[in-house]
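Spelled out, the chains give:
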Amino acid sequence: MDGERDPLDALAQTEGSMSSGKDRVLEEVAVQIHSDTDIVAARQKGRLLAASLGFSSSELTLIATAISELARNIVLYAKQGEIVLRLCERGDRRGVMVRARDQGPGIPDIRRALQGGFSTSRSLGLGLPGVRRLMDEFEIESRIGYGTTVTARKWRR
Amino acid sequence: MDGERDPLDALAQTEGSMSSGKDRVLEEVAVQIHSDTDIVAARQKGRLLAASLGFSSSELTLIATAISELARNIVLYAKQGEIVLRLCERGDRRGVMVRARDQGPGIPDIRRALQGGFSTSRSLGLGLPGVRRLMDEFEIESRIGYGTTVTARKWRR
Amino acid sequence: MEVPILKQGPYLIASIQSALSDADLVQLRDALVEQVGRLRSRGVIVDVTALDVMDSFATRTLRDITFMIRLRGAETVIVGIQPDVAFTMVQLGLKLEGVPTALDLEEGIAFLRQKAAVPNKEGSPRGR
Amino acid sequence: MEVPILKQGPYLIASIQSALSDADLVQLRDALVEQVGRLRSRGVIVDVTALDVMDSFATRTLRDITFMIRLRGAETVIVGIQPDVAFTMVQLGLKLEGVPTALDLEEGIAFLRQKAAVPNKEGSPRGR
Ligand SMILES: Nc1ncnc2c1ncn2[C@@H]1O[C@H](COP(=O)(O)OP(=O)(O)O)[C@@H](O)[C@H]1O
Ligand SMILES: Nc1ncnc2c1ncn2[C@@H]1O[C@H](COP(=O)(O)OP(=O)(O)O)[C@@H](O)[C@H]1O
């Protein structure tokens, strides 16, 4: 995806590995995100769910941390939204999908946000690039004035 | 805002969150900035004004410090200018706006100035990026040979 | 859920629980900075052994705590970062630069004692 | 408004007022550096308890004072940074690296005494 040459650039931007949506869903839970205590609830639920697939404790911490970052971005930038946690199967692999969805302001320049070190708040700007590093797959879709959806997956090794 | 694709780039640069100018003005005071004692006067006036909205003492210190940095930039780089302090209302939120305006030389590369660590004087180059971090909203407009206007807002939580 | 702060001689010890919200952490920061002044503490230990996740917000706030307390003349040490958490922090690029860390409470206290005994320009000046 | 400098035994104490202009601070720097030499002081305490704002200029000048006085063989300690001011400094990224800080005047004097008693390579060489 080259955002600069995309004629729809001004409307919607997408970035990341676009993996097929044909994964089989084994289980799904959604957590509404309104405040900072919801961030904690979401990451706890995500850890529990992922644990049922037999992820190592290191991987569970990675997943919980990714959820924490994405949920916080919802609270910070979109005020509210939801985190969908899903156990899924693709071929003979099983994994967890984390989807953070909001109807907030959208991200004006996804590339810049993914570069790291860019932040419109007082923070480190490590959240999005960090989550991308923590997970196996990462997609982000954002449209100014319509909202942002970040989808990340981690597969069991 | 992508300055690189802006055809007016060479004339005027803008950076920051462009928030609606439709805020209701509750009170306004302007402080002329000519010398270093005006810097002290401006930050004292700003603290007093913001205090009337019920900001916490931590927030008052943040606001006063932001004013101090912006006023000093006027003295250092433009020799003179003014600081406008405004109490305003947007929807159900109230806050303070600080606008530093001068007809000085302008900032050649706003992006670079906002990155931090960049300074044309002997100082730390933390002023502008610091003010951005301290406040909730931050805009900067500068035109070489015409001057610089920095506008920052802090909302009551 | 407020984090309890224990006073142990010249030190303050805060043990963070698993389900720590951002607001709790900010509340801990302000309480520590206030108590260091009121109780004239020489050092602060923040024990994160039980913390499930150290994300960018937690990291930044622990840094803020350390630097704010240093500006008030006392030293802070973060203890108990678990292996899984350390691994994730490194993956995320979170480095806690300028923030002293120690294995556990015991090592944390040893660190603060030694800081007080051998002061240097960046150490805690309040040791005897 | 000039900052008054008090001589207390081997130390100089400067208490900064709220409405401190940049020129006042530079004047204080020069006066301290001069008096440390003339009065053969072993330490300097700059009390910022009353200071309303510690911005990048104030931070830089306090660092300059500390390093200049260290080059003249004496030690400086900044005391009284208030919690609100510490918070703002940390948000601004102002760390006062290499500059000793202490809670208040009393702790500042204790620091200078101890520096003199236990000198080290980075401390004041004039300790006895
Ligand atoms: N859900 C979102 N909605 C709108 N903007 C967002 C969202 N998530 C991230 N952003 C934007 O992307 C920038 C980078 O995000 P991130 O890497 O998480 O760092 P940080 O939150 O520390 O700034 C943010 O500063 C913000 O401008
Ligand atoms: N009002 C202004 N007019 C012209 N140039 C300015 C102005 N404010 C800032 N600058 C430029 O931006 C640079 C960065 O400013 P700042 O972040 O405040 O750091 P510092 O003042 O410490 O250099 C300055 O060095 C100067 O070149």
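Residues numbered from 1 in each chain as written. Chains lettered and ligands numbered in written order. Predicted model: local features only at pLDDT ≥ 70, side-chain atom pairs only at ≥ 80, totals over all residues. Heavy atoms only, no water.

A.B. asks: Lay out the overall build of chain C in plain terms, naming residues and giving numbers.
C.D. replies: Along the backbone of chain C there are 4 helices and 5 strands. Listing every helix and strand of chain C by position from the N terminus yields β-β-α-β-α-β-α-β-α. Whereas a compact globule of 128 residues would reach a radius of gyration of roughly 14 Å, chain C reaches 14 Å, a difference of no more than 12%. Judged by the C-alpha coordinates and their principal axes, chain C covers about 40 × 25 × 25 Å. Of all 128 residues assigned to chain C, the portion counted as buried reaches 60%. Across chain C, every contact between residues at least 6 apart in sequence was considered, and the portion connecting residues at least 24 apart equals 72%. In the structure as shown, chain C presents an accessible area of about 5,000 Å², 53% of it carried by carbon and sulfur atoms. Distance between charge centroids for chain C: 12 Å, based on 15 positive and 16 negative side chains. (Helix = DSSP H or I, 4+ residues; strand = E, 2+ residues; numbered from the N terminus. Rg over C-alpha atoms; globule rule 2.2 N^0.38 Å. Buried < 20%, exposed > 50% of the residue type's maximum accessible area, 1.4 Å probe, protein only. Contact = heavy atoms within 4.5 Å. Areas by Shrake-Rupley, 256 points an atom, 1.4 Å probe, with all protein chains shown as cover. Lys, Arg positive; Asp, Glu negative; His and termini not counted. Charge placed at Lys NZ, Arg CZ, Asp CG, Glu CD.)

A.B. asks: I'd like to hear about the overall build of chain A, residue by residue, with values.
C.D. replies: From N to C terminus, chain A includes 4 helices and 6 strands. Shown N-terminal to C-terminal, the secondary structure of chain A runs as helices and strands in the order β-β-α-α-β-β-α-α-β-β. When burial is assessed residue by residue, chain A has 50% of its 157 residues classed as buried. Long-range contacts, defined as pairs at least 24 residues apart, comprise 67% of the intrachain contacts of chain A with a sequence gap of at least 6. Only carbon and sulfur atoms are counted for the fraction: they give 49% of the accessible area of chain A, which is about 7,500 Å².

A.B. asks: Tell me what's going on with the nonpolar core, and back it up with residues and numbers.
C.D. replies: If you look at the biggest cluster of nonpolar residues, it comprises 133 residues, and the most contacted ones within it are Ile83 of chain A, Ile83 of chain B together with Leu32 and Ile81 of chain D. Here Ile83 of chain B is in contact with Val29, Ala30, Val31, Ile33, Ala42, Ile67, Leu70, Ala71, Ile74, Val98, Arg99 and Ala100 of chain B, once residues within four sequence places are set aside. (Core = buried A, V, L, I, M, F, W, Y, C linked by side-chain atoms within 4.5 Å.)

A.B. asks: Talk me through the confidence of the model for chain A; I want residue IDs and the actual numbers.
C.D. replies: Averaged over every residue, the pLDDT of chain A is 87; residues scoring 70 or more account for 83%. Contacts of residues 1-10 of chain A to residues separated by more than four positions or lying in other chains number 6 contacts, the stretch itself having pLDDT below 50. (pLDDT = per-residue confidence, 0-100.)

A.B. asks: Go over the side chain of Glu59 of chain B with me, naming the residues and quoting the values.
C.D. replies: Residue and element names in this part refer to chain B. Structurally, the position occupied by Glu59 is in helix α2 (residues 57-78). Glu59 sits in the buried class, given a relative accessible area of 13%. For Glu59, the residues in contact, after removing those within four places along its chain, are Lys154 and Arg157.

A.B. asks: Break down the packing of helix α1 (residues 22-38) of chain D against helix α2 (residues 56-71) of chain D for me, with residues and values.
C.D. replies: Residue and element names in this part refer to chain D. Where α1 contacts α2, the axes come no closer than 10 Å and their chain directions differ by 10 degrees. In this view, α1 runs roughly parallel relative to α2, as classed from their interaxial angle. Between α1 and α2, the residues in contact are Asp22, Leu25, Val26, Arg29, Leu32, Val33 and Val36 and Phe57, Ala58, Thr61, Asp64, Ile65, Met68 and Ile69, respectively. Residue composition of the contact of α1 with α2, grouped by class: 10 nonpolar, 1 polar and 3 charged. (Axes fitted to C-alpha atoms, helices over the stretch in contact; angles between N-to-C directions. Parallel < 35°, antiparallel > 145°, perpendicular 65-115°, else oblique. Nonpolar A, V, L, I, M, F, W, Y, C, P; charged D, E, K, R; others polar.)

A.B. asks: Before we move on, can you summarise the side chain of Arg72 of chain A with the specific residues and values?
C.D. replies: Structurally, the position occupied by Arg72 of chain A is in helix α2 (residues 57-78). Those residues within four positions of Arg72 of chain A in sequence are excluded, and the remaining contacts are Ile39 of chain A together with Asp22, Asp55 and Phe57 of chain C.

A.B. asks: Account for the interface of chain C and chain A, with residues named and values stated.
C.D. replies: Each side of the interface is counted separately: chain C has 22 residues, and chain A has 24 residues. With both chains or domains summed, chain C and chain A bury close to 2,000 Å², and 53% of this area falls on carbon and sulfur atoms. Looking at the side of chain C facing chain A, the largest losses of area belong to Arg60, Asp84 and Leu92 of chain C, adding up to 27% of the total buried there. There are 3 salt bridges connecting chain C and chain A. Between Asp55 of chain C and Arg72 of chain A there is a salt bridge, and its shortest N-O distance comes to 2.9 Å. Linking chain C with chain A are 13 residue pairs in polar contact (both at pLDDT 80 or more), by the criterion used here. (Buried area = accessible area lost by both parts, 1.4 Å probe. Salt bridge = Lys/Arg side-chain N within 4 Å of Asp/Glu carboxyl O. Polar contact = N/O pair within 3.5 Å; in protein donor to acceptor, adjacent residues only side chain to side chain.)

A.B. asks: Break down the packing of aromatic side chains for me, citing the residues and quoting the values.
C.D. replies: Using the criterion set out here, one finds 0 aromatic pairs over all chains in the structure. Across from the ring centre of Tyr146 of chain A, 4.4 Å away, lies the NZ or CZ of Arg143 of chain A, which sits over that ring. (Phe/Tyr/Trp six-rings, centres within 6.5 Å; stacked < 30°, edge-to-face > 60°. Lys NZ or Arg CZ within 6 Å of the ring centre and 35° of its normal.)

A.B. asks: So what about the environment of Ile39 of chain A? Which residues, and what values?
C.D. replies: By the secondary structure assignment, Ile39 of chain A is in helix α1 (residues 36-51). Given the relative accessible area of 1%, Ile39 of chain A is considered buried. In this view, Ile39 of chain A contacts Ser68, Ala71, Arg72 and Val75 of chain A together with Asp22 of chain C; residues no more than four positions away in its chain are not counted.

A.B. asks: Lay out the pattern of salt bridges in plain terms, naming residues and giving numbers.
C.D. replies: For the coordinates displayed, the defined rule picks out 39 salt bridges over all chains. Salt bridges sharing common partners tie together Asp23, Arg90, Glu137, Glu139 and Arg153 of chain A.

A.B. asks: Go over the environment of Arg60 of chain C with me, naming the residues and quoting the values.
C.D. replies: Residues and elements named next belong to chain C. Note that Arg60 resides in helix α2 (residues 56-71). Among the residues examined, Arg60 registers a relative accessible area of 15% and is labelled buried. Residues Arg60 and Leu96, 36 residues apart in the sequence, show an inter-C-alpha distance of 8.0 Å.

A.B. asks: Any chance you could break down the sheet that holds strand β3 (residues 81-90) of chain A for me, citing the residues and the numbers?
C.D. replies: Residue and element names in this part refer to chain A. If you trace the 6 strands from one edge of the open sheet to the other, you get β1-β5-β6-β4-β3-β2, paired in antiparallel fashion. Edge positions in the open sheet fall to β1 (13-16) and β2 (24-33), since each of these has one partner strand only. Adjacent strand axes in the sheet meet at a mean angle of 10 degrees, parallel and antiparallel pairs treated alike. The pairing of β2 with β3 spans 9 bridges and is classified as antiparallel. Bridge pairing in β3 places Ala30 opposite Val84. Sitting on the sheet, α1 touches β2 and β3, and the angle it makes with β2 is about 165 degrees. Strands β1, β5 (137-143) and β6 (147-155) of the sheet are contacted by helix α4 (residues 127-134), whose axis makes an angle of about 145 degrees with β5. (Pairing = 2+ DSSP bridges.)

A.B. asks: So what's going on with α4 of chain A? Which residues, and what values?
C.D. replies: α4 of chain A sits mainly inside the fold: 6 of its 8 residues count as buried. Among the residues making up α4 of chain A, those that are buried are Gly127, Leu128, Pro129, Gly130, Val131 and Leu134 of chain A. On its buried side, α4 of chain A packs onto α2, α3 (110-115), β5 and β6 of chain A together with α3 (83-92) of chain C.

A.B. asks: Can you tell me about α2 of chain D, naming the residues and giving the values?
C.D. replies: With 16 residues, α2 of chain D should reach 22 Å at 1.5 Å per residue; the first-to-last C-alpha distance of 22 Å fits that figure. Those residues of α2 of chain D not exposed but buried are Ser56, Phe57, Ala58, Thr59, Arg60, Thr61, Leu62, Ile65, Thr66, Ile69 and Arg70 of chain D. The inward-facing, buried residues of α2 of chain D abut α2 of chain B together with α1, β3 (43-47), β4 (75-79) and α3 (83-92) of chain D. Where α2 of chain D starts, the residue carrying a side-chain oxygen 3.3 Å from the main-chain nitrogen of Phe57 of chain D turns out to be Asp55 of chain D. (Expected span 1.5 Å × (residues − 1).)

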